[in-house]
Amino acid sequence: MADLHDLSALDAAAAIRRREVSSSELVAHFLDRIQRLDGQVGAFVTVTDAAAREQARQADAQLLSGAELPPLHGVPTAIKDLNLTAGVPTKLGSRVYRDFVPDLDDHVVTLLRQAGTISLGKTATPELGLPCYTETDIGPPARTPWDTGRLAGGSSGGAAAAVAAGFVPIAQGSDGGGSIRIPASVTGVYGIKPSRGRISRGPLDADSSGLSVLGPLARTVRDAAAFLDATAVPQPGDPNWAPPLPAGETFLDWCDRAPSGLRIGRYLQPPIPGAEVDLECRTAWEFASVLLESLGHEVMDMPMPMPAAVIPAFETVWAVSAASAPVNPDREAELRPLTRYLRERGRGISATEYSTALGLLNLVSRQAIAATAEFDAVLTPTLALTPRPIGWFSGTAADPVDPAEDFERQKRFTPFTAVYNATGQPAASLPLHWSAEGLPVGVMLVGRPAGEAALLALSAQVEAAAPWADRHPPMWKA
């Protein structure tokens, strides 16, 4: 057998069922890699070694008992440190929450456990999940394994880095403005932002904007589909429910339905005024266009579907979300400069201004969906720039970047992703290109509203034509 971390999540589950490997062996293998290599990557903020080994022992006993097994039985995974995990610290990337230990799980954590997965711990995220890079005051920055002098993106930076480094085959992330797709592009893995309402954010989610959703980071499209099958279970009280698949269908089954003759729109103009698309990102976009045409699809240029007014409206909602996070006033000074800057902006926004911004996001989202209704998918670069060096956004302790400039740099880095959090459409980053420096560069495919199944089918077809799962960073064989 190849190295155990060469196995996809589905391959690992199958190997366990065939008794070629035990869950305990898998968990021990991945924990050893984390112990030896994560000092270079910064993917994990908490490792639950003892709990994972005990769950693996129980999984092995369940297999031997002949009991019916869940689909991902014994497969290691990891939970983003923005999501609640009972009895396990949930630090939210912040000194203020360093000692917070919740007494309940988020629904997604429960569903992943019911699907048979075993969490190895919590992955790094920036403070309150606000920036698109993962640097914190409670641990090292999350780095892309392709160049550990560069950031892994964010806010699911630790999750993406863990998958790319071979610490877990699949990891849970979340995406409020690109936070799955950004690190997926930077680390060379597949990441899909599901539709609004596809995966429950309960039981305590207080987000009124509807921008943020939960989803997977994986090395293969099929693993991501299996994640959705396990977690796309509506929960009582959810404010949004995406339409379910027809009875008897699964997202994984859709990966075997190769689409034909799709109409795919594409655009390169960033919605952010002044943002410029790096040549490597454009090359990735052009390569994806040619590849899609070679698969029998019609690729057509289209105008950018969102007006520039969407950006200040999104910023207004983002700043209010930052200001709404519960923080003891006596500990406000412990927050990072960017967090304090966004919270100050948010506190200066009136209820009328916030309501108007939400209304504008809804209006332009309807208009954008109508403008792209003739297309089965839309293609853009995932990012406008290649992976950024550590400190590029925020500077260093000796030479800090002003937080307003930090925020502007983030907008220039990722001008394409956030608009699809506003529309609620599913969107995925596919690792189709590597730069001359050997850095991964993703492209983004956007599906129809509630169209994850068709988007997964198209993604799987692209993956089959231009495989990426066996392309690994230098530390893979360590």
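*Asks:* Could you give me a rundown of the overall build of the protein chain, with the residues and numbers involved?
*Replies:* Counting secondary structure elements, the protein chain contains 15 helices and 11 strands. In terms of principal-axis extent, the alpha carbons of the protein chain reach across some 60 × 60 × 50 Å. In the protein chain, which comprises 478 residues, the proportion classed as buried is 62%. A sequence separation of at least 24 residues applies to 78% of the contacts in the protein chain between residues at least 6 apart. Accessible surface computed for the protein chain: about 17,700 Å², of which carbon and sulfur atoms make up 53%. Charge-centre separation for the protein chain: the mean point of 40 positive side chains lies 1 Å from the mean point of 53 negative side chains.

*Asks:* Just give me the short version of the sheet that holds strand β1 (residues 44-47), but keep the residues and values in it.
*Replies:* Strand-to-strand pairing in sheets goes through backbone hydrogen bonds, with the strands running parallel or antiparallel. Ordered by their spatial adjacency, three strands build an open sheet running β1-β3-β2, and the pairing between neighbours is mixed. In this open sheet, the two edge strands, each paired with only one partner strand, are β1 and β2 (76-80). Put simply, the sheet's adjacent strands are angled 35° from each other on average, direction ignored. Here β1 runs beside strand β3 (residues 118-123); their pairing, made up of three bridges, is antiparallel. Along β3, the bridge assignment pairs Thr46 with Lys122. Packing against the sheet, helix α3 (residues 49-65) makes contact with β1 and β3, and its axis sits at approximately 160° to β3.

*Asks:* So what about the sheet that holds strand β7 (residues 263-266)? Which residues, and what values?
*Replies:* An order of β4-β6-β5-β10-β11-β9-β7-β8 is seen for the eight strands of this open sheet, with the pairing classed as mixed. Each edge of the open sheet carries a strand with a single partner, namely β4 (170-175) and β8 (298-301). Averaged over all pairs of adjacent strands, the angle between their axes in this sheet comes to 25°, without regard to strand direction. Across three bridges, β7 lies against strand β9 (residues 377-381) in parallel orientation.

*Asks:* Can you lay out the environment of Pro389 for me, pointing to particular residues and giving the numbers?
*Replies:* Tracing the chain through its elements places Pro389 in the loop between β9 and α13 (403-413). Relative accessible area serves as the criterion here: at 31%, Pro389 is assigned to the partly exposed category. A sequence separation of 242 residues divides Pro389 from Asp147, and the C-alpha atoms of the two residues are 9.0 Å apart. Among residues more than four places away in sequence, those in contact with Pro389 are Gly149, Arg150 and Leu151.

*Asks:* Could you give an account of the pairing of β7, naming the residues involved and the relevant values?
*Replies:* A regular strand places its side chains on the two faces of the sheet in alternate fashion. Pairing between β7 and β8: four bridges, direction parallel. Its bridge partner lying in β8, Ile264 is registered against Val299.

*Asks:* Explain the side chain of Asp238 to me, and be specific about the residues and the numbers.
*Replies:* Here Asp238 is to be found in the loop between α7 (221-231) and α8 (251-254). For the buried Asp238, which has no salt bridge, the nearest side chain bearing the opposite charge is Arg201, at an N-O separation of 8.9 Å. Among the polar contacts made by the side chain of Asp238, one reaches the main-chain amide nitrogen of Gln235 at a distance of 3.0 Å.

*Asks:* Give me unusual backbone geometry: which residues, what numbers.
*Replies:* The peptide bond linking Gly154 to Ser155 adopts the cis configuration, its omega dihedral lying at 5°. Within the secondary structure, Ser155 is located in the loop between β3 and α5 (157-164). Cis peptide bonds are those with omega within 30 degrees of zero, and the linkage from Gly202 to Pro203 qualifies with 10°. Checked against the element boundaries, Pro203 lands in the loop between β5 (190-193) and β6 (213-218). Even without glycine at this site, Leu128 takes up a positive phi of about 60°.

*Asks:* Account for the pattern of salt bridges, naming residues and giving values.
*Replies:* As enumerated under the stated definition, the model contains 32 salt bridges in all. Linking Arg263 and Glu374 is a salt bridge whose minimum nitrogen-to-oxygen distance equals 2.7 Å. Here Arg263, found in strand β7, pairs with Glu374, found in the loop between α12 (351-371) and β9; they are 111 residues apart in sequence, far enough to count as distant. Residue classification places Arg263 among the partly exposed positions, given a relative accessible area of 29%. Relative accessible area serves as the criterion here: at 45%, Glu374 is assigned to the partly exposed category. The partner of Arg266 in a salt bridge is Asp301, with the nearest N and O atoms 2.6 Å apart. Placement of the pair is Arg266 in strand β7 and Asp301 in strand β8, with a sequence separation of 35 residues. Looking at Arg266, the relative accessible area reads 14%, which means it is buried. A residue is classified by how much of its surface remains accessible, and Asp301, at 57% relative accessible area, is exposed.

Definitions and cut-offs
- Residues numbered from 1 in each chain as written.
- Predicted model: local features only at pLDDT ≥ 70, side-chain atom pairs only at ≥ 80, totals over all residues.
- Heavy atoms only, no water.
- Helix = DSSP H or I, 4+ residues; strand = E, 2+ residues; numbered from the N terminus.
- Buried < 20%, exposed > 50% of the residue type's maximum accessible area, 1.4 Å probe, protein only.
- Contact = heavy atoms within 4.5 Å.
- Areas by Shrake-Rupley, 256 points an atom, 1.4 Å probe, with all protein chains shown as cover.
- Lys, Arg positive; Asp, Glu negative; His and termini not counted.
- Charge placed at Lys NZ, Arg CZ, Asp CG, Glu CD.
- Pairing = 2+ DSSP bridges.
- Axes fitted to C-alpha atoms, helices over the stretch in contact; angles between N-to-C directions.
- Salt bridge = Lys/Arg side-chain N within 4 Å of Asp/Glu carboxyl O.
- Polar contact = N/O pair within 3.5 Å; in protein donor to acceptor, adjacent residues only side chain to side chain.

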